[in-house]
Structures are given as structure tokens and as C-alpha cells.
Amino acid sequence: MPEATPNVDGGDGIDGSDDDNGDDDGVRIDLISGARMEGLTSMEKIRLILDGVRDGNIVILEEGLAPDEESKLIEVTMTEISPDDFTGIEIETYPKSDAGDQTLLDRLMGRESAHKLTVIGPANQLQTLHKDETLISALVSRK
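Residues numbered from 1 in each chain as written. Predicted model: local features only at pLDDT ≥ 70, side-chain atom pairs only at ≥ 80, totals over all residues. Heavy atoms only, no water.

J.: Pulling in residues and values, what's your account of helix α3 (residues 67–80)?
T.: The first and last C-alpha atoms of α3 sit 20 Å apart over 14 residues, in line with the 20 Å expected at 1.5 Å per residue. Every buried residue of α3 is accounted for by Glu69, Glu70, Leu73, Val76, Thr77 and Glu80. For α3, the arc enclosing every buried residue in end-on projection is 125 degrees, short of the 170-degree limit, so these residues lie on one face. Counted as exposed and oriented over 90 degrees from the buried face of α3: Asp68, Met78 and Thr79. (Helix = DSSP H or I, 4+ residues; strand = E, 2+ residues; numbered from the N terminus. Expected span 1.5 Å × (residues − 1). Buried < 20%, exposed > 50% of the residue type's maximum accessible area, 1.4 Å probe, protein only. Arc of directions from axis to C-beta.)

What follows is the structure, given as C-alpha cells:
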């Protein structure tokens, strides 16, 4: 996940607290920019996401994943599920509706634009309440 730099309060986390999620009262949300994901391979992206979710974090991707990467994320998640340790992920995505973002070749080949927002979290903490083309409404609970 994004590396936090130590601050003057002495903690490891952004707010000066330790980053171990051991006795936190809140839910950590990692907002990952498209620039951060741009240089990563598909498996590096999947590991970055799953490592964060396994730690109990909600991961929000600014530009989402390609359809094949999303399929691979689900496939890898299914192999890592264990009843006592990891219950899986909840994933919701909505694409930006601007067809102008796609190249002419993408539109001709029927490829979807990768410009979309994706919210991923632990299945036991993230519950989608409502989703339409402009809104994802989710309930995030503590463990």
C-alpha cells in the first residue's frame, strides 16, 4: 500500500499513529491514483489491492482495472479465501460515460475504457447498498 513517511509525532502512519490496524477505531481507505498503477504489471496491481484488502482496508482505484485484470483479481481472490482468515472481496465499479476518452480503435474493437472508479474492500466489512451509473452507496463496518 502507499508508503507513509514518518512524521514529527513519531508514528508510522500519516496521522502519527501506528499503521498496524490493530486497535484502530476507524476504517482505513486507500485512494490509489492512476499514476501509481500505471507502471505496474497486472499481478503487481492485484497484489497491491489484495494486500491492502487483507489488512482490512478499503481500496479505491482512480482509474480501475482492465476487464482481464478484474477477472484475474477475482480468480486470485478465490484461491486465497479461508473461513478463519480471509472472507474475500466486495468490488464495485462504474465507468466514466465519456466516450471521448476512448480512442477510435478502442471503440471499433469494442474495448471498454479503463477510466473508471473502482471500490474494493473486505467482503465482511463492505456492503453495497445502491449502485447506478452515477453513484455507489456502500456501508462500511468495523470488523
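J.: Could you give me a rundown of a nonpolar patch on the surface, with the residues and numbers involved?
T.: A cluster of nonpolar side chains, contributed by Val27, Ile29, Leu31 and Val140, occupies part of the molecular surface with about 330 Å² of accessible area. Its place among the elements puts Leu31 in strand β1 (residues 29–32). (Patch = residues over 30% accessible without salt bridge, like charges linked within 9 Å, V, L, I, M, F, W, Y side chains within 5 Å. Areas by Shrake-Rupley, 256 points an atom, 1.4 Å probe, with all protein chains shown as cover. Salt bridge = Lys/Arg side-chain N within 4 Å of Asp/Glu carboxyl O.)

J.: I'd like a rundown of the pairing of strand β6 (residues 136–140), residues and numbers included.
T.: Where a strand is regular, its side chains alternate between the two sheet faces. Note that strand β5 (residues 126–131) and β6 share five bridges and pair antiparallel. Its bridge partner being in β6, Thr128 is matched across the sheet by Ala138. Taking the residues between adjacent antiparallel strands as the criterion, β5 and β6 are bridged by four residues. (Pairing = 2+ DSSP bridges.)

J.: How would you explain the nonpolar core if you had to name every residue and give the values?
T.: By size, the foremost hydrophobic cluster in this structure holds 16 residues, and its most contacted members are Ile49, Leu61, Leu73, Ile89 and Ile120. For this core, the elements supplying multiple residues, two or more each, are α2 (42–54), β2 (58–61), α3 and β3 (89–95). Examining the composition of this core, we find that five residues originate from one element, α2, more than from any other. Excluding residues within four positions of it along the chain, Ile49 makes contact with Met37, Val59, Leu61, Leu65, Leu73 and Ile120. (Core = buried A, V, L, I, M, F, W, Y, C linked by side-chain atoms within 4.5 Å. Contact = heavy atoms within 4.5 Å.)

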